[in-house]
Amino acid sequence: MPGTIKKLAVLTSGGDSPGMNAAIRSVVRSCAYHGVECFGVYRGYEGLIEGDFERLDARSVKGIINKGGTMLKSARSQGFRTKEGRQQAYQNLLDAKIDGLVVIGGDGSFTGALIFNQEFGFPVMGIPGTIDNDIFGTTHTLGFDTALNTVVDAIDKIRDTASSHNRLFFVEVMGRDVGHIALNAGIAGGAEEILIPEEDLGLDRLVESLNKSRKSGKSSSIVIVAEGDKIGKNIFQLKDYVDENMEGYDVRVSVLGHMQRGGSPSCFDRVLASRMGVKAVESLLNGETNYMVGLLNSKMELTPLEQAIKGKTKINLELLRVSDIMST
Ligand code: ATP
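Since the model is a prediction, treat every value here as computed from it, not as a measurement.

### Some points on the packing of helix H7 (residues 203-215) against helix H8 (residues 235-245)
Turning to step 1, where the next piece is worked out: Where H7 meets H8, the closest approach of the two axes is 11 Å, and the angle between their N-to-C directions is 55 degrees. With respect to H8, the axis of H7 lies oblique. Seen from above, H7 lies across H8 with right-handed handedness. Side by side, H7 and H8 meet where Leu-203, Asp-204, Leu-206, Val-207 and Leu-210 of the first sit next to Leu-238, Tyr-241, Val-242 and Asn-245 of the second.
Turning to step 2, where the next piece is worked out: Each residue belonging to the contact of H7 with H8 can be placed in one class, and the counts come to seven nonpolar, one polar and one charged.

This is the structure in structure tokens:
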């Protein structure tokens, strides 16, 4: 009910992503603006179970909008997957008289929040924080834009060495189930081919396409591979296959790994995080619960947590076509 919330808590859970700090700052300052006490919970649900939280005021979050990672730390909590763990977390919240929770994380974190609400009727609100952009109900998750810029920067650097040595580089980027990072960064970085989980190019077509590029005068190439691409081979097996079936290229592999999660958030992610924090707090204060805040048609919108968890994000087919045309 509107007006009943006097104390809120915020936590970050699952994999960290750039922009989480900016979202924490926004939640804390929105609380301060509305005269609501705010508590920061350390190490996600683990800290909730252990009662590891402290009061944060507007000044506690100074100087973090530009920092990657999360000042509250993140964790994967086995304890929260158990009824006893969640019961303990609920008791700790009751003892501290906290009456609402903002969860910044991915779909696993939202699943935990939804179960928690169903068991104890505790008001929860999600903010999507993951670089993979794989959450239904928002066109952008926190950290996606920053990760794209990081990947494009890395591709630009790899291109320098690729073109100096007639090299073919396979560059692996994050995206186990979805190819949003690969597709967008691949286009922006001028990749020759982009291999994503949503599409099965096939090894023969890959070699055929690379051969075509060589014949058309390209002396170096970059292929972006999402971790979970459909060909099903790991990036080193891909390299071996192309080595065996193509001549003329010195084939190399670069796995970008965790550097994609780090770094100072982009302007876009900072603004998005600030908007999401305000919307999350104001929605809880208005009596809304079990929603995720998202960006849809340039506006802050609420999507039921259940849909955000179950819904699938789709790859933009127009981008696939653009990528094909650009590699002509
Ligand atoms: P990422 O996108 O980075 O993987 P995530 O939020 O999906 O982020 P998970 O590790 O899947 O990350 O989930 C984070 C935490 O949420 C888990 O460690 C666990 O504490 C809680 N959680 C996930 N699923 C459940 C569940 N079914 N029941 C209770 N808690 C859960």
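### Focus: the site of the ligand
Turning to step 1, where the next piece is worked out: Inspection of the region around the ligand gives 17 residues, with Gly-15, Arg-76, Ser-77, Gly-108 and Ser-109 positioned closest.
Turning to step 2, where the next piece is worked out: In this structure, Gly-108 approaches the ligand through a main-chain N or O atom, which is 2.8 Å from an oxygen atom.
Turning to step 3, where the next piece is worked out: The contact in question runs from an oxygen atom of the ligand to an N or O atom on the side chain of Ser-109, over 2.5 Å.
Turning to step 4, where the next piece is worked out: Here the ligand, which alone exposes 630 Å², has 84% of that area covered by the protein.
Turning to step 5, where the next piece is worked out: Structurally, the ligand is housed in the largest pocket.
Turning to step 6, where the next piece is worked out: Per element, the largest residue contribution to the shell around the ligand is six residues, and it comes from helix H4 (residues 107-120).
Turning to step 7, where the next piece is worked out: For the shell around the ligand, a count of residues per class yields three nonpolar, ten polar and four charged.

### So, the pattern of salt bridges
Turning to step 1, where the next piece is worked out: The full count for this structure, using the stated rule, is ten salt bridges.
Turning to step 2, where the next piece is worked out: Linking Asp-153 and Lys-157 is a salt bridge whose minimum nitrogen-to-oxygen distance equals 3.1 Å. Here Asp-153 pairs with Lys-157, and both are found in helix H5 (residues 144-164), just four residues apart, close to one helical turn.
Turning to step 3, where the next piece is worked out: A salt bridge links Asp-250 to Arg-252, with the shortest nitrogen-to-oxygen separation between them at 3.2 Å.
Turning to step 4, where the next piece is worked out: Overall, the relative accessible area of 28% leaves Asp-250 in the partly exposed class.
Turning to step 5, where the next piece is worked out: A relative accessible area of 34% places Arg-252 in the partly exposed class.
Turning to step 6, where the next piece is worked out: Linked through salt bridges whose partners overlap, the residues forming this network are Arg-43, Glu-50 and Asp-52.

### Concerning the pairing of strand E11 (residues 299-304)
Turning to step 1, where the next piece is worked out: One ladder, built from six bridges, connects strand E10 (residues 291-296) with E11; its direction is antiparallel. Paired with Leu-296 across the strands is Lys-299, a residue of E11.
Turning to step 2, where the next piece is worked out: Taking the residues that link successive antiparallel strands as the turn, the E10-E11 hairpin has two residues, and the phi of Asn-297 there is positive, at about 50 degrees.

### Describing the domain arrangement of the protein
Turning to step 1, where the next piece is worked out: The domain boundaries assigned to the protein delineate domain 1 (7-143 + 265-310) and domain 2 (145-261).
Turning to step 2, where the next piece is worked out: When each unit is reduced to the centre of its C-alpha atoms, the spacing between domain 1 and domain 2 is 35 Å.
Turning to step 3, where the next piece is worked out: Opposite the 14 residues of domain 1 that make contact, domain 2 presents eleven residues.
Turning to step 4, where the next piece is worked out: Both faces combined, the contact of domain 1 with domain 2 buries some 1,000 Å², and carbon together with sulfur accounts for 53% of it.
Turning to step 5, where the next piece is worked out: Summed over the three residues of domain 1 that lose the most area to domain 2, namely Asp-16, Ile-131 and Asp-132, the buried surface amounts to 45% of that side.
Turning to step 6, where the next piece is worked out: Taken together, the residues that form the side of domain 1 that touches domain 2 break down as four nonpolar, five polar and five charged.

### Side note on the side chain of Thr-138
Turning to step 1, where the next piece is worked out: Inspection of the secondary structure puts Thr-138 in the loop between strand E5 (124-128) and H5.
Turning to step 2, where the next piece is worked out: Within the structure, Thr-138 has its side chain in polar contact with the backbone oxygen of His-140 (distance 2.8 Å).
Turning to step 3, where the next piece is worked out: Within the structure, Thr-138 has its side chain in polar contact with the backbone nitrogen of Leu-295 (distance 2.8 Å).
Turning to step 4, where the next piece is worked out: When sequence neighbours within four positions are dropped, the list of residues in contact with Thr-138 reads Pro-128, Met-276, Met-292, Gly-294, Leu-295 and Leu-296.

### Regarding the sheet that holds E11
Turning to step 1, where the next piece is worked out: Spatial strand order, E3-E2-E1-E4-E5-E10-E11: seven strands in an open sheet with mixed pairing. With partners counted over all chains shown, the strands left at the sheet margins are strand E3 (53-56) and E11, one partner each. Sheet twist, expressed as the average angle between the axes of neighbouring strands with direction ignored, equals 30 degrees.
Turning to step 2, where the next piece is worked out: Here two bridges tie E5 to E10, and the two strands are oriented parallel to one another. Across the sheet, residue Met-125 finds its bridge partner in E10, namely Tyr-291.
Turning to step 3, where the next piece is worked out: Sheet contacts for helix H1 (residues 20-33): strand E1 (7-12), strand E2 (37-41), E3, strand E4 (101-105) and E5; angle to E4, the most-contacted strand, approximately 165 degrees.

Rules behind the numbers
Residues numbered from 1 in each chain as written. Predicted model: local features only at pLDDT ≥ 70, side-chain atom pairs only at ≥ 80, totals over all residues. Heavy atoms only, no water. Axes fitted to C-alpha atoms, helices over the stretch in contact; angles between N-to-C directions. Helix = DSSP H or I, 4+ residues; strand = E, 2+ residues; numbered from the N terminus. Parallel < 35°, antiparallel > 145°, perpendicular 65-115°, else oblique. Left-handed = near helix turned anticlockwise from the far one by under 90°. Contact = heavy atoms within 4.5 Å. Nonpolar A, V, L, I, M, F, W, Y, C, P; charged D, E, K, R; others polar. Near = heavy atom within 4 Å. Polar contact = N/O pair within 3.5 Å; in protein donor to acceptor, adjacent residues only side chain to side chain. Areas by Shrake-Rupley, 256 points an atom, 1.4 Å probe, with all protein chains shown as cover. 1 Å grid on protein atoms, 1.4 Å probe; cavity = no way out; pocket = protein on both sides within 12 Å on 5 of 7 lines; lining within 4 Å. Sits in = over half its atoms within 2 Å of the grid points. Salt bridge = Lys/Arg side-chain N within 4 Å of Asp/Glu carboxyl O. Buried < 20%, exposed > 50% of the residue type's maximum accessible area, 1.4 Å probe, protein only. Pairing = 2+ DSSP bridges. Domains from an automatic or database assignment. Buried area = accessible area lost by both parts, 1.4 Å probe.

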